Amino acid sequence: MFYSSDASGLRNFFRDKLNLRATDVGGGWLIFDLPEADLGCHPADARQAPSGTADISFYCDDIKATVKELKAKGVQFKGKIEDHGYGFVTHFQVPGDFTIQLYQPKYSKGK
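Note that the structure is a prediction, hence the values are computed from the model and not measured.

Conventions used here
- Residues numbered from 1 in each chain as written.
- Predicted model: local features only at pLDDT ≥ 70, side-chain atom pairs only at ≥ 80, totals over all residues.
- Heavy atoms only, no water.
- Core = buried A, V, L, I, M, F, W, Y, C linked by side-chain atoms within 4.5 Å.
- Buried < 20%, exposed > 50% of the residue type's maximum accessible area, 1.4 Å probe, protein only.
- Helix = DSSP H or I, 4+ residues; strand = E, 2+ residues; numbered from the N terminus.
- Contact = heavy atoms within 4.5 Å.
- Salt bridge = Lys/Arg side-chain N within 4 Å of Asp/Glu carboxyl O.

Help me get a handle on the nonpolar core, residues and values and all.
Cys60, Ile63, Val67, Leu70, Phe77, Phe92, Val94, Ile100 and Leu102 form the largest nonpolar core, which has nine residues in total. Mapped by element, the contributors of at least two residues to this core are helix H2 (63-72), strand E7 (87-94) and strand E8 (98-105). Among the elements that take part in this core, H2 stands out by supplying three residues, more than any other. Excluding its chain neighbours within four sequence positions, the residues that come into contact with Cys60 are Thr66, Leu102, Tyr103, Gln104 and Pro105. With five residues, the next largest nonpolar core counts Phe14, Phe32, Leu39 and Cys41 among its residues.

Take a look at the structure:
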């Protein structure tokens, strides 16, 4: 995830200049279809993520099963699974004292 003070411009750049395929999930929000990855461009917000911030998330097909599997391996989660509109979301702790988002998308990935 890239946060930008010009999210629309960044989305257009990825689409038009880098020729990345995208799914419009509504309101001009493009989710870029990359091999085994998605790329989103969001507006910057000084309180949450200033321009230039990058955030990596992991996605899965079945978040409940994935959380159960990871918990069985000793992975600790921060909070419950929540519906964030674009998908079901939770966060897990990693070495280095930070968390990573895990989500199950609701949108259909472009083919």
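Break down the pattern of salt bridges for me, citing the residues and quoting the values.
Tallied over the entire structure, the rule returns four salt bridges. The salt bridge involving Arg15 is made with Asp16; its shortest N-O contact spans 2.7 Å. Here Arg21 makes a salt bridge to Asp33, at a shortest N to O gap of 3.3 Å. Highlighted residues: Arg21 in the loop between helix H1 (7-17) and strand E2 (22-24) and Asp33 in strand E3 (residues 30-34), separated in sequence by 12 residues. For Asp33, a relative accessible area of 18% puts it in the buried group.

Interpretation in functional terms is not warranted from these geometric data alone.
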